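Fold and geometry: a report
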Amino acid sequence: MHLEHINLVITSLDRSLAFYRAAFPHWRIRTRGEGTWYGKPRIWVHFGDDNHYIALNEMGEGNNRDLTGHQVGLAHFAYVTHNLDAVIKRLRQAGFEVTNPGSEEPHRRNAYFVDPDGFEVEFVQYLSDLPEERNLE
């Protein structure tokens, strides 16, 4: 079993795609469409590769949850990379800054960014292939 996609409600496809294209330059828009969601028009895209994607739905209203608060909701989602420095560089070049540099760990590096709609995305680079080392707190 594996995660196929995550579905995000956003305010602007252009802004969101600027972030996710910088993070995942090898991804593409797999499909797109229009429709309604409980009476409200929406435009959506599936942005990813052949095996995994992020569904982006442009119809969002209001603000995302306060990441420093305790509201129920998505805290963050994470992607593994083999080159964290390259991800950070691409996102910075696209105008996005690290919001949390992660913790100092002997067997992994990580950094957090907040996308244009307030979703926190973690990028992790593991420095060991051994599960007992990778999974240390």
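For clarity, every value in this text was computed on a predicted model and none was experimentally measured.

Side note on empty space enclosed by the protein
Counted according to the given criterion, the structure contains one cavity of 30 Å³ or more. What the largest cavity holds in volume is close to 40 Å³. Every residue lining the largest cavity is listed: Glu-105, Pro-106, His-107, Arg-108, Glu-133, Arg-134 and Leu-136. Class assignment for the residues of the lining of the largest cavity results in two nonpolar, one polar and four charged.

Things to note about the pairing of strand E2 (residues 28–37)
Pairing of E2 with strand E3 (residues 40–48), which is carried by nine bridges, proceeds in the antiparallel orientation. By the bridge assignment for E3, Gly-35 is matched with Arg-42. If you look at the hairpin formed by E2 and E3, you'll find two residues sitting between the two strands, and Tyr-38 has a positive phi there, around 50°.

Here we look at the pattern of salt bridges
This model, assessed by the stated rule, comprises six salt bridges. Of the charged contacts in the structure, one is a salt bridge between Arg-28 and Asp-50, with a shortest N-O distance of 2.6 Å. Placement of the pair is Arg-28 in strand E2 and Asp-50 in the loop between E3 and strand E4 (53–58), with a sequence separation of 22 residues. For Lys-40, the salt bridge goes to Glu-61, with nearest N and O atoms at 2.7 Å.

Topic: the sheet that holds strand E1 (residues 5–10)
An order of E1-E4-E3-E2 is seen for the four strands of this open sheet, with the pairing classed as mixed. The sheet terminates laterally at E1 and E2, the two strands that pair on one side only. On average, each strand axis in the sheet is tilted by 20° relative to the strand beside it, whichever way the strands run. One ladder, built from six bridges, connects E1 with E4; its direction is parallel. Looking across to E4, one finds that Leu-8 is bridged to Leu-56. On top of the sheet, helix H1 (residues 13–23) reaches E1, E2, E3 and E4; it is set at about 160° to E4, its chief contact.

Some points on the nonpolar core
Counting residues in each nonpolar core, the largest one holds 27 residues, and the members touching the most others are Tyr-20, Ile-54 and Phe-123. Counting residues per element, this core draws most heavily on H1, at six residues.

Some thoughts on the sheet that holds strand E6 (residues 108–114)
Strand order across the open sheet formed by three strands is E5-E7-E6, with mixed pairing between neighbours. In this open sheet, the two edge strands, each paired with only one partner strand, are strand E5 (77–80) and E6. Averaged over all neighbouring strand pairs, the angle between strand axes comes to 25°, with direction disregarded. With four bridges joining them, E5 and strand E7 (residues 120–126) adopt parallel strand pairing.

Some thoughts on unusual backbone geometry
A positive phi is found at Tyr-38, a non-glycine position, where the angle reads about 50°. Relative to the helices and strands, Tyr-38 is located in the loop between E2 and E3.

Rules behind the numbers
- Residues numbered from 1 in each chain as written.
- Predicted model: local features only at pLDDT ≥ 70, side-chain atom pairs only at ≥ 80, totals over all residues.
- Heavy atoms only, no water.
- 1 Å grid on protein atoms, 1.4 Å probe; cavity = no way out; pocket = protein on both sides within 12 Å on 5 of 7 lines; lining within 4 Å.
- Points joined across faces, edges and corners; volume = space filled by probe spheres on them.
- Nonpolar A, V, L, I, M, F, W, Y, C, P; charged D, E, K, R; others polar.
- Pairing = 2+ DSSP bridges.
- Helix = DSSP H or I, 4+ residues; strand = E, 2+ residues; numbered from the N terminus.
- Salt bridge = Lys/Arg side-chain N within 4 Å of Asp/Glu carboxyl O.
- Axes fitted to C-alpha atoms, helices over the stretch in contact; angles between N-to-C directions.
- Contact = heavy atoms within 4.5 Å.
- Core = buried A, V, L, I, M, F, W, Y, C linked by side-chain atoms within 4.5 Å.
- Buried < 20%, exposed > 50% of the residue type's maximum accessible area, 1.4 Å probe, protein only.

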